[in-house]
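An overview of the molecular structure
Each chain, letter by letter, is given below.
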Amino acid sequence: MMISSEEIQVQTINHLGLIAGIIDEIGIEKIINDALGVDEREIVSAGQIVKAIILNGLGFISRPLYLFPQFFEDKATEHLIGKGICPEHLNDDRIGRIMDKLYEKGLSPLFLRIALAVVKKYNINIDFSHLDSSSFAVEGKYNQEKITDNFLEKNLTLERINQIPIKIIKGYSRDHRPDLKQFILDLIVSSDGDIPLFLRVASGNENDKAVFGKIASEYKSMIDFETMIVGDSALYTEKNLKLMNEIEWLSRVPLSIKDALNLVSELPSSDFIPSSLEGYSWYEVSNNYAEIEQRWLIVESEKRKSSDLEKLRKKIEKEKEKTEETLKKLRKEEFRSSEGAKDTILRLNKTLKYHQITALKIKESELNNHRKKSPKKGKKLEKTYQITAVLKSDLTKIKELEKRAGRFVLATNRLDKNKFSADEMLIKYKEQQSAERGFGFLKDPLFFADSVFLKSPKRIETMAMLMGLCLLVYSLGQREVRRLLKEKKTGIKNQLGKLTERPTLRWIFQCFQGIHLVINKGIKQIVNLTNERKLILSFFPISCQNYYILSG
């Protein structure tokens, strides 16, 4: 008996069932619906729209949001999102309305509410919270509201700053794209599984130093647990430290602070104590910067020292070559006055970081002599001046920089060494990479962050928050798989066919390509769920398994 192709439907699931299950586990759909409300007349709830956006965002096909219905055309949309939901229900108009509602509700508090649900349910260790920021470049024009830069005033509260729409504007670009406008994303992440805990979107020209203390204080006021804020040197300013007077913190100290510069420049290597971390050593002192009692840890890294010395060597050589070429041209130049010749050399000398111009001589000559022409009757020969000079290495400065190589300073206001040792300070600061990994994920070309297209700053802010939810889902899924593999002392085959207990979730997503839902005369069946895929699936929660293993 022939079966009509119209009676058979083949819909794609791939790895989207894993994502949908993790979303269900966290309870994102319910949290969004509770916050925004549910209108029984609407086919798709706000929570389901957010779920669909996360599925789209973690689909890794690099399609912008306005192609949203096309993304779900071949997907098992009803199976993944909810009964009666079709791709055409997930249109840009509906998405836009929900994004506007999310913005009006307050993006940072809503994100934190979801993150804290994860912390509570999965017992995430939040003893340390890592704060960092990055810029996201965007193309095109944006409908900016007419606002001034008053939101950058020193005494403006973060609550007031957050009430003002961001400005898509040029600023310091971490992506080395000064030609593009941008927005800033502030992120607080746990060192346990890189779970994002707090997210804030800011104008493209915002200065980290001006707001990091306010962000830390706002975050601390919104949580009911103790945590230490860990940050880079932007956190360490007198104003920020005073704002965090009731918060424990760990920060890198900028070498623009004289005491820090003197310590890294003058301490002999013999004073350093070897760390339990291979390749590191340290020296600890007390400090009272900003009238706050604190511990400073001067750290020396062997690996970083080698790298810094090599970079320094290249910079010295580059400056030498460039300056020698400039001097060569200046020696041929004829100056109209000795003062002009001298000023030119002095200005050049001030630009040099690793060299000095010495043995400067200014020789007087007559402009017309070398041309073998006589001056016009009644006119004197015009005097000109030429220079000779020698370029020498500034050995004192170079030796100071060589001594400084590989060194940095950490500071904390947790004074009890028994509760927070020098080695623990170093370990926790190194975990600052957890925030950097989050930004790396969001900027991946396969993620939709590279094609932010929305033409309203409010929509950009909302999209950034939704991107953060994608990161939250991904990070939690990866953490839980790795935790279970370690607990069961087993692993999953990696790209080389070897067992690993630390697979990336992206690799697992790749392993699930080619899984489909087949509907034949109303009967549903999952195809291509191999034994190996079933094994991987067993390390995911039941809510994920339910999208692949049909009951009844």
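Every chain's residues receive numbers from 1 upward, in the order its sequence appears when written. Where local features are concerned, this predicted model is filtered to residues with pLDDT of at least 70; where side-chain atom pairs are given and counted, the filter is 80 or more; whole-chain, interface and lining totals use all residues. Note: side-chain values were computed over all heavy atoms of the structure, leaving out hydrogens and water.

As for the overall build of the protein chain
Where helices and strands are cited, they refer to DSSP runs of H or I of at least four residues and of E of at least two residues respectively, numbered from the N terminus. When helices and strands are counted, the protein chain shows 20 helices and 16 strands. Each residue is placed in one exposure class: buried if its accessible area under a 1.4 Å probe, protein chains only, is under 20% of its type's maximum, exposed if it is over 50%, and partly exposed if it falls in between. Expressed as a percentage of its 552 residues, the buried residues of the protein chain come to 51%. By definition, residues are in contact when any of their heavy atoms lie within 4.5 Å. In the protein chain, once contacts between residues fewer than 6 apart in sequence are set aside, the share between residues at least 24 apart is 69%. Surface accessibility of the protein chain: about 28500 Å² in total, with carbon and sulfur atoms responsible for 49%. All accessibility values rest on the Shrake-Rupley procedure with a 1.4 Å probe; residue burial counts only the protein chains present in the view.

Looking at the layout of surface pockets
Rolling a probe over the atoms, with the probe sized like a water molecule, indicates the empty space that remains. Think of a 1 Å grid over just the protein atoms. A cavity is a set of points where a 1.4 Å probe fits yet cannot get out, a pocket is an open set with protein on both sides within 12 Å along at least five of seven lines, and lining residues have an atom within 4 Å of a point. Grid points are joined across faces, edges and corners, and a volume is the space filled by probe spheres set on the points. Estimates place the volume of the largest pocket at around 610 Å³. In terms of lining, the largest pocket is formed by 22 residues, of which the most central are Gly193, Asp194, Gln478, Arg482 and Arg502. Of all elements in the fold, only helix H16 (433-442) and helix H17 (457-487) reach the threshold of two or more residues within the lining of the largest pocket. Broken down by element, the lining of the largest pocket gets its largest block of residues, 8 residues, from H17. Nonpolar residues are Ala, Val, Leu, Ile, Met, Phe, Trp, Tyr, Cys and Pro. Charged residues are Asp, Glu, Lys and Arg, and all others, Gly as well, are polar. Its residues assigned to classes, the lining of the largest pocket comprises 4 nonpolar, 7 polar and 11 charged.

With respect to the environment of Ile427
Here Ile427 lies in helix H15 (residues 422-430). In this structure the C-alpha to C-alpha distance between Ile427 and Leu277, which are 150 residues apart in sequence, comes to 8.1 Å.

Some remarks on the pattern of salt bridges
Each reported salt bridge corresponds to a side-chain nitrogen of Lys or Arg within 4 Å of a carboxyl oxygen of Asp or Glu. Following the criterion strictly, the structure yields 26 salt bridges and no others. Residue Arg414 is joined to Glu248 by a salt bridge in which the shortest nitrogen-to-oxygen separation is 2.7 Å. Residue Arg414 is located in the loop between strand S12 (407-412) and H15, and its partner Glu248 is located in the loop between helix H10 (238-243) and strand S6 (249-253); the two are separated by 166 residues in the primary sequence. Assessed through its relative accessible area of 19%, Arg414 is described here as buried.

Let's talk about the packing of helix H1 (residues 16-26) against H17
Look at H1 against H17: their axes get within 10 Å of each other, and the N-to-C directions meet at 95 degrees. The angle between H1 and H17 places the two elements in the roughly perpendicular class. On H17, the residues touching Ile19, Ile22, Ile23 and Ile26 of H1 are Val473, Leu476 and Gly477. Within the contact of H1 with H17, the residues separate by chemical class into 6 nonpolar, 1 polar and no charged. Note on method: axes are straight lines fitted to C-alpha atoms, helices fitted across the in-contact stretch only, with angles between N-to-C directions ranging 0 to 180 degrees. Orientation is classified from the angle alone, with under 35 degrees giving roughly parallel, over 145 giving roughly antiparallel, 65 to 115 giving roughly perpendicular, and any other angle giving oblique.

Regarding the sheet that holds strand S1 (residues 8-12)
Strands pair in a sheet through their backbones, by hydrogen bonds, and they do so in one of two ways: parallel or antiparallel. Should DSSP find at least two bridges between two strands, the strands are regarded as paired. Taken together, the 3 strands give an open sheet; going across it, the order is S1-S15-S16, and neighbouring strands pair in antiparallel fashion. In this open sheet, the two edge strands, each paired with only one partner strand, are S1 and strand S16 (523-527). Averaged over all pairs of adjacent strands, the angle between their axes in this sheet comes to 20 degrees, without regard to strand direction. One ladder, built from 5 bridges, connects S1 with strand S15 (residues 516-520); its direction is antiparallel. Bridge pairing in S15 places Thr12 opposite His516.

Some remarks on helix H7 (residues 107-122)
Over its 16 residues, H7 runs 23 Å from end to end, which matches the ideal 22 Å to within 8%, given 1.5 Å per residue. What H7 keeps buried is the set Leu107, Ser108, Leu110, Phe111, Leu112, Ile114, Ala115, Val118, Val119 and Tyr122. Those residues of H7 that are buried are in contact with H1, helix H2 (28-36), helix H6 (92-105), strand S4 (196-203), helix H9 (208-222) and H17. The span expected for a helix works out to 1.5 Å for each residue beyond the first.

Quick look at the environment of Arg313
With respect to the secondary-structure elements, Arg313 resides in helix H12 (residues 302-332). Residue Arg313 is classed as partly exposed on the basis of its relative accessible area, which comes to 46%. Linking Arg313 and Ile398, residues 85 residues apart in sequence, is a C-alpha distance of 9.5 Å.

Regarding H12
Residues spaced three or four apart along an α-helix point in a common direction, a consequence of the helix completing one turn every 3.6 residues. Taking 1.5 Å of rise per residue, 31 residues should cover 45 Å, and H12 covers 46 Å from first to last C-alpha, within 8% of that figure. What H12 keeps buried is the set Leu312, Ile316, Glu319, Thr323, Leu327 and Leu330.

Quick look at the side chain of Glu319
By secondary structure assignment, the location of Glu319 is in helix H12. One buried charge, Glu319, has no salt-bridge partner; the nearest side chain with opposite charge is Lys353, at 6.8 Å. When neighbours within four sequence positions are excluded, Glu319 is seen to be in contact with Thr351, Leu352, Lys353, Tyr354 and His355. Counting rule for charge: Lys and Arg are taken as positive, Asp and Glu as negative, and neither His nor the chain ends is counted.

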